[in-house]
Amino acid sequence: MSSHLLLMSLGPVQDFIAQARRTRDLWFGSHVLSVLSQKAALAARELRAELVFPALLDEKDPSPSVPNKLLVLVREGEPRTVARAAREAARAHLLHWGMEVWEKHRQLVDDQARKTAEEQLDTLLEFHAAWSAFSTAEDYPEALRRAEDALAARRRLRAFTPWAHQRGGIHKSSLDGARESVLGQGERRGGKWERFRIGRREQLDALGLLKRTGGEPGQFVPVPTIGLAAYTALAKETRPAELAALARECEALGREGWLTRVDAGGKAWVDDFPFDAQVLLPGRWNTHLKEQCLDRERAERFGDTFVRPLLRALGEPFPYVACLVADGDRMGETLRALAPRGSAAHQTLSRALSGFATEARRILQQRHRGVLVYAGGDDVLGFVCLPDALRCAAELYQAFASAMKEALAGSGVPPPTLSVGLGVGHVLESLGDLLTLGRQAEGLAKGEDRDGFALLMRLHSSREYKWRARWPEHPVEALEAAVSLREQGRLPLTKVREVRTLLRRMPSRRAALEDEASWARLLSNELQRVLARVELGSAEAGLTPSEVGLRLENQRTWAELHAHVEAWAERMSLAEVLARAKPRSRGATGGES
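Keep in mind it's a predicted model, so treat the numbers as computed, not measured.

Enquirer: Sorry, what's going on with the environment of Glu553 here?
Expert: Inspection of the secondary structure assignment puts Glu553 in the loop between helix 19 (516–532) and helix 20 (558–581). The spacing of Glu553 and Ser524 is 29 residues in sequence and 9.0 Å in space, taken between C-alpha atoms.

Structure follows, in structure tokens:
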């Protein structure tokens, strides 16, 4: 009697999650996909299909982290029936969920758009399935390969069903720009419009409405609160009276409905300042409070009385946040290498990945000042306070390595690695832009040889810095050493700029040079001269290349030397920004501005 391996995927993923204007849109979009995957897996299990990926599934978990790709073993019955049941369970749950929100928030919606909303909810899900039969354990690897190939081929085909309930002449959703808005027209003041921060010109389709109103407003930590967490921690430590006075005023404004208190949800660092921390940014408290319809005079009084005393004592916050995106390397190869050991080996790996997802939440939210958006399988997405971001990335890498080593012990299969990207942007950037930065950093981290770490930083001045190294090269330690150099003032930024100028005057790294050795010698000598020179008024001795992390002697060609120095300059520029990100009381020294 033959069994079937059934592969199922649910989407859309990237685009659906990225369509976000508020923190809650991003958080809840990811949550929706995870819940739909959970419902599909549960439906398969009810038909006595054996779960392989994910192997562990808690049906009572209100915040599941279930990957959008499911692998199940169908020992009895038809895989087609299981796939249809899984698809229907996910589709029906989304429709029910969306219409439940519709009924709950009738003040926000246009009753004439009910059919449109139902259609939007009913047609969102992209569900694909493929299966392959096998009879013996030896056939399992080939069945997995056939199912993967079939699923990949099926995903390249897209079914297209025209809309049947377009009303015409209706604004499109502000989130995806394609679906019609289902919001009511007319006056948008007070009540749920303000509670869910729906702008006067903002439009939401049924999915956008679900994202925005599906959770409670206070349960999502605003991105500025994450980005400024180190600043509020310093305020609590050094200026507790001023911070307490500010918090009391925010509480008072909250009782009047002007501000929303953030539910820490077990994240102790949020309690330092459980409100949207953008009110700490000069020029933002007026705008933010006026968006909540607070009168201008009171908003200005709030800033002058409660925020400026902190700014005078601590200086202005450094308003940047890191979007962390991590992904396992060559997981497909690992699965295929394990396949000869059967489904039990895959289930062991899946349980290890589930354990890693739990550990990722602890690392981001408990060990560091961050918030996890999603952790499923080998994927992690979150936001972290910039001063914590490097160590957070390193701990995630170590946790993944430990989990994989234990799961694959004795199998002879090399443990997969984890590439981690940190995309850093302004806390008031759109969430879509921050997410794009994080994903670009993840792509840079993977590179061609995987097992990498990358830091990509886009400043408000539009300047962009990026740097990548493989984990065996200890990138976090290298960056921390560079930050230390900058904090100690041993390496002035003028020297970094001078090195950049020097590089621009040299042939490019791709240039075909007749005498590479001479050019390499010239560049090395010039670098040593720049670093050894003692700055006017400085008591410090000059530096050597090795003291600042330059390994000139290891570069064999002109291209390697040029790339090495170029990457060093990027690393030093990033270190400067990281040094500035550490909040300090007035008078404390830090990076050069």
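Resuming the write-up.
Enquirer: Sorry, what's going on with the environment of Gly199 here?
Expert: For Gly199, the location among the structural elements is in the loop between helix 6 (191–195) and helix 7 (206–213). Taking the C-alpha atoms as reference, Gly199 lies 9.5 Å from Arg189; in sequence the two are 10 residues apart.

Enquirer: Would you mind showing me how to read the domain arrangement of the protein here?
Expert: By a widespread convention, an interface's size corresponds to the accessible area lost as its parts come together. We note that the domain assignment places domain 1 (3–213), domain 2 (223–314) and domain 3 (474–585) within the protein. Each of domain 1 and domain 3 has a C-alpha centre, and the two are 49 Å apart.

Enquirer: Any chance you could explain the pairing of strand 5 (residues 320–328) here in plain terms?
Expert: Each regular strand displays side chains that alternate between the two surfaces of the sheet. Strand 5 sits mainly inside the fold: nine of its nine residues count as buried. Side chains of strand 5 alternate between two faces, with Tyr320, Ala322, Leu324, Ala326 and Gly328 and Val321, Cys323, Val325 and Asp327 buried alike. The pairing of strand 5 with strand 7 (residues 379–385) spans seven bridges and is antiparallel. Residue pairing in the sheet places Ala326 in a bridge with Val380 of strand 7.

Enquirer: Please clarify how the side chain of Thr334 should be interpreted in this entry.
Expert: For Thr334, the location among the structural elements is in helix 13 (residues 331–338). The buried category is assigned to Thr334, whose relative accessible area is 4%. Ignoring sequence-local partners within four residues, the contact set of Thr334 consists of Leu349, Leu408, Val413, Pro414 and Pro416.

Enquirer: Help me understand the packing of aromatic side chains in this model?
Expert: Here a ring pair, both rings aromatic, is described through the centre-centre distance and the interplanar angle of the planes. Counted under the stated rule, the structure contains 11 aromatic pairs. For the ring pair Phe28 and Phe220, a centre distance of 6.5 Å and an interplane angle of 90° mean the geometry is edge-to-face. Pair noted here: Phe28 is in helix 2 (residues 23–46) and Phe220 is in the loop between helix 7 and helix 8 (223–227), with a separation of 192 residues, a long-range link. Take Phe28: its relative accessible area is 5%, and that puts it in the buried class. Overall, Phe220 belongs to the buried group, its relative accessible area being 7%. A cation over a ring is seen here: Lys211 above Phe16, with NZ or CZ 4.2 Å from the ring centre.

Enquirer: Looking at this structure, I do not really get the sheet that holds strand 3 (residues 69–74). What am I missing?
Expert: Sheet strands pair by backbone hydrogen bonding; their relative direction is either parallel or antiparallel. Taken in spatial order, the four strands of this open sheet run 2-3-1-4, and their pairing is antiparallel. Strands at the two margins of the open sheet, each flanked by one partner only, are strand 2 (50–53) and strand 4 (126–134). Across the sheet, the mean angle separating the axes of adjacent strands is 25° when strand polarity is ignored. As judged from the nine bridges shared by strand 1 (residues 3–11) and strand 4, these two strands associate in the antiparallel manner. Opposite Leu6, over in strand 4, you have Trp131 as the bridge partner.

Enquirer: What am I meant to see in the state of the cysteines here?
Expert: What we call a disulfide is simply a covalent bond connecting the sulfur atoms of a pair of cysteines. What the rule picks out here adds up to zero disulfides. We note that Cys392 lacks a disulfide partner, and the nearest cysteine sulfur, in Cys385, lies 10 Å from it.

Enquirer: I'm lost on helix 13 in this one. Help?
Expert: Note on helix geometry: an α-helix contains 3.6 residues per turn, so any two residues three or four positions apart are oriented the same way. Burial in helix 13 covers these residues: Met331, Thr334, Leu335 and Leu338. Projected onto a plane normal to the axis of helix 13, the buried residues spread over an arc of 100° and lie on a single side.

Enquirer: It is not clear to me how the sheet that holds strand 10 (residues 464–470) should be interpreted in this structure. Could you clarify?
Expert: Spatially, the six strands line up as an open sheet ordered 6-7-5-8-9-10, and their pairing is mixed. Each edge of the sheet is formed by a strand with only one pairing partner; in this case those strands are strand 6 (370–376) and strand 10. This sheet shows a mean twist of 10° between the axes of neighbouring strands, independent of strand direction. Across the sheet, helix 2 is in contact with strand 6 and strand 7; its angle to strand 6 comes to roughly 25°.

Enquirer: I'm lost on the nonpolar core in this one. Help?
Expert: Met8, Leu26, Leu246, Phe273, Leu280, Phe302 and Phe383 are the most contacted members of the largest nonpolar core, which totals 100 residues. Of all the elements, helix 2 adds the most residues to this core, at 11 residues. Counting contributing residues per domain, this core is built from domain 1 (3–213) and domain 2 (223–314), each supplying no fewer than three. When near neighbours in sequence (up to four residues on either side) are disregarded, Phe302 contacts Leu246, Glu249, Cys250, Leu253, Val279, Trp285, Leu289 and Val307. Residues Ala322, Ala394, Leu523 and Leu578 belong to the second largest nonpolar core, which totals 96 residues.

Calculation notes
Residues numbered from 1 in each chain as written. Predicted model: local features only at pLDDT ≥ 70, side-chain atom pairs only at ≥ 80, totals over all residues. Heavy atoms only, no water. Helix = DSSP H or I, 4+ residues; strand = E, 2+ residues; numbered from the N terminus. Domains from an automatic or database assignment. Buried < 20%, exposed > 50% of the residue type's maximum accessible area, 1.4 Å probe, protein only. Pairing = 2+ DSSP bridges. Contact = heavy atoms within 4.5 Å. Phe/Tyr/Trp six-rings, centres within 6.5 Å; stacked < 30°, edge-to-face > 60°. Lys NZ or Arg CZ within 6 Å of the ring centre and 35° of its normal. Axes fitted to C-alpha atoms, helices over the stretch in contact; angles between N-to-C directions. Disulfide = S-S within 2.5 Å. Arc of directions from axis to C-beta. Core = buried A, V, L, I, M, F, W, Y, C linked by side-chain atoms within 4.5 Å.

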